[in-house]
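Structural features, examined
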Amino acid sequence: MRKVIGIGETVLDIIFRDGQPIGAYPGGSTFNSVISLGRAGVETSFISETGNDRVGDKIVSFLKENGVNADNVNRYPDSKSPISLAFLNEHNNAEYLFYKDPTNDQFDFTYPDIQADDIVIFGSYYAVNPAIRPQVVGLLDYARSRGAIIYYDVNFRPAHKNEVMRITPNLLENLEYADIVRGSNEDFETLYKKDDPDKVYNSEISFYCKKFIHTQGARAVEVRAENALRKSYPVNSTETVSTIGAGDNFNAGFIYGMLRLGITHEKIEQGLGEEQWDGLVHYGQLFAGECCKSLYNYVSREFGERMKTELNLSRK
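The sections below set out a description of the structure shown in this document.

Conventions we followed
Along each chain, numbering runs from 1 in the same order as the chain's sequence is written. In view of the model being predicted, local features appear only for residues whose pLDDT reaches at least 70, and side-chain atom pairs are presented and counted only at 80 or more, with totals across whole chains, interfaces and linings using the full set of residues. No hydrogens and no water enter the side-chain calculation; it runs on all heavy atoms of the structure. A run of H or I in DSSP counts as a helix once it spans at least four residues, and a run of E counts as a strand once it spans at least two, with each numbered from the N terminus. For a helix, the expected span equals 1.5 Å multiplied by the residue count minus one. Note on bend: at a given residue it equals the angle between the axes fitted to the 7 residues ending there and to the 7 starting there. In what follows, residue pairs with any heavy atoms lying within 4.5 Å of each other are defined as contacts. Being paired, for any two strands, means DSSP has found at least two bridges between them. Accessible area is worked out with a 1.4 Å probe on protein chains only. A residue is then buried under 20% of its type maximum, exposed over 50%, and partly exposed in between. Picture the helix axis, draw a direction to every C-beta atom, and the arc is the one those directions span.

Once that is clear, we can look at helix 4 (residues 164-177). Over its 14 residues, helix 4 runs 19 Å from end to end, which matches the ideal 20 Å to within 8%, given 1.5 Å per residue. Of all the bends in helix 4, the largest measures some 30° and sits at Asn170. On its buried face, helix 4 sits against strand 8 (119-123), helix 3 (133-145), strand 9 (149-153), strand 10 (180-184), helix 5 (185-192) and helix 6 (197-205).

With that settled, the discussion passes to the pairing of strand 7 (residues 94-99). Where strand 6 (residues 83-88) lies against strand 7, 6 bridges are found, and the strand directions are antiparallel. What sits directly across from Ser84, in strand 7, is Phe98.

For helix 10 (residues 301-315), spanning 15 residues, the distance from its first C-alpha to its last is 21 Å, which sits close to the expected 21 Å at 1.5 Å a residue. Looking at helix 10, one finds that the buried residues are Phe303, Gly304, Met307 and Leu311. Down the axis of helix 10, the buried side of the element spans an arc of 95°, and every buried residue falls inside it. Facing away from the buried side of helix 10, by more than 90 degrees, are the exposed residues Glu302 and Leu313. Among the structural elements, helix 1 (29-39), helix 7 (246-260) and helix 9 (274-291) are those in contact with the buried residues of helix 10.

Quick look at the structure:
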């Protein structure tokens, strides 16, 4: 059975509205994706580190409760778990402040089992952080040597805009490793001071990776790929409680779609057809829309059960 392996940060997201905290939930970009995939019945492992504290206890137990293998989550003595403060505005979009113990940037792990057509997902500042670059590259090299599909979510926040020059070599290397790249208009405005999907794809992405997804919040999802494939996918309007985790859950849904629709590494190399893209973006939008209906960073357990049933039927 195909698996998903995620690598990324863990944080405790404390959510504020009108200056007051209204909830605290385990999070992190790839973390949110793998929780939703675990709920949807996908065999999933997560590689990370967290503090040796009550927050770390919560994060590890939460992974296990949601069907995600946490054997590769390291916990170092005397370290504190990272915290994120998310401030919701009147449109329920979030601005973030991050607090991290630098002693966590030591990171050591053994590789989980990775086989051909498994999917590795990575992204955000974690994917370009110079402090842990050798470990991230080691995993990507291993995944590529095993014939896995590599999905890269750029997810570069304005909080790190002063580091763009420093991390650019790592960013370019990530684009080269990736079979599929997704990023938001906010990411590319921060990195390149441009957000037009055609300009971003033609000048910054296509040389390194031919399959590109450009998300823009409530505006259309744009896909650019080889053979001049260019398509827009309108976003269905939904009553939004919070957009935290929307992009992470688009990733989860897209990856779920690759498993559900039998998209292999060979098919990706051959070039995906329009109908295949339609199906993949459909699942991405389905998961993202579900996430936006609550304060949580992931799809609901009930939605996950429905997706699990679909996935099991597709395997028969």
